[in-house]
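Structural features, examined
Here is how the chains run, residue by residue.
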Amino acid sequence: MGIGILGFETRSISVADGVDLNAAVGGEGPAVVLLHGFPETHLMWRHVAPILAEHHTVVCPDLRGYGASGKPEAVAEDTYSKRTMAADIVGLADALGFDRFALVGHDRGAHVAFRAGLDHPNRISHLGILDIIPTPDTWNVLHGVSAAVAFHLYLMAQPPGLPEQMIAGSADAFFGHFLDVWSTSCDAIPAEVRAEYLRACRDAIPSIVADYRATATVDVKHDQTDLDAGNRLTMPVTVVQQDWGRQLGFDATAIWRPWTTDLRHFTTQAGHFMAEEAPEDIATLILNLLKR
């Protein structure tokens, strides 16, 4: 591939039966794990990770089902549940010898980080969430024609077969669409990185769809059970997102408040790929989170 994060070593680390995660590791100090979003790989952190690595050990894995990580067949509804994917990240920390670590996720990685914070609060010291709202709230705020912005959620929620076939028939156009419309900077994702994202997604269509399908099924059950039980994220939480609330008609801070005990919420003028469009800003927000 020839593309990586400057100063980082790439490793393949076993985290579950038959599942290895590809991870870039660099720096020294308290551990921070950075989880990527869709349609990307760990390379989305290529600008932020070296800044954090000046004072922290930084780990940037490809999620289960993405990039160069393992892609088990979705033989059960929880193969790609966020609970299972969060357990992968705890397994990664175990393999690297981290008892506690800060966790920051973007997009799909943010859903995994959210679940890790609920399931493993004794392991997660700080939690950063980039550009999502919790899964039940996501479905609840999508109404009428404004929901068209999230058409991919509905497509990949369908039973196995049709979504995979449709996406495979025009994979680069499908994944490339999101790289185009979700960015506010044409320079944020250079050609060689874009090509790597498209290649990685092209090779992972069944597992990517399975990840999204879980978000319309088992993930909703898990999150709603926690909300009904009064379970909360008890570590310091920073949420950074675009102003989706203004576009779709909801109060993002109010949505996050019932899920947290220590929340700081920010909006950004950058696009969805904020770690690539405004890496210094995102690195600063993460460093400020780690000081709390």
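Our subject in this report is the structure included herewith. In this text, all values refer to a predicted model and were calculated from it rather than measured experimentally.

Below, the discussion takes up the packing of aromatic side chains. Throughout the structure, instances matching the rule amount to 13 aromatic pairs. With a centroid separation of 6.1 Å and an interplanar angle of 65°, the aromatic rings of F38 and W182 are classed as edge-to-face. With a gap of 144 residues between them, F38 in the loop between β3 (31-35) and α1 (48-52) and W182 in the loop between α7 (171-181) and α8 (191-202) connect regions that are remote in the sequence. Classification of F38 as buried rests on a relative accessible area of 0%. Classification of W182 as buried rests on a relative accessible area of 11%. Look at F151 and F178: their rings are 5.6 Å apart centre to centre, the planes differ by 20°, and that puts the pair in the stacked class. Pair noted here: F151 is in helix α5 (residues 151-156) and F178 is in helix α7, with a separation of 27 residues, a long-range link. The structure contains a cluster of three or more aromatic residues connected by ring pairs, namely F38, F151, F174, F175, F178, W182, Y212 and F273.

What follows covers the pairing of strand β4 (residues 57-61). For β4, the tally of buried residues reaches 5 of 5 residues, placing the bulk of the element in the interior. Burial of the side chains of β4 extends over both faces: T57, V59 and P61 are buried on one face and V58 and C60 on the other. With 4 bridges joining them, strand β2 (residues 19-26) and β4 adopt antiparallel strand pairing. Across the sheet, residue V25 finds its bridge partner in β4, namely V59. Alignment of β3 against β4, held across 3 bridges, turns out to be parallel.

Procedures and definitions
- Residues numbered from 1 in each chain as written.
- Predicted model: local features only at pLDDT ≥ 70, side-chain atom pairs only at ≥ 80, totals over all residues.
- Heavy atoms only, no water.
- Phe/Tyr/Trp six-rings, centres within 6.5 Å; stacked < 30°, edge-to-face > 60°.
- Helix = DSSP H or I, 4+ residues; strand = E, 2+ residues; numbered from the N terminus.
- Buried < 20%, exposed > 50% of the residue type's maximum accessible area, 1.4 Å probe, protein only.
- Pairing = 2+ DSSP bridges.

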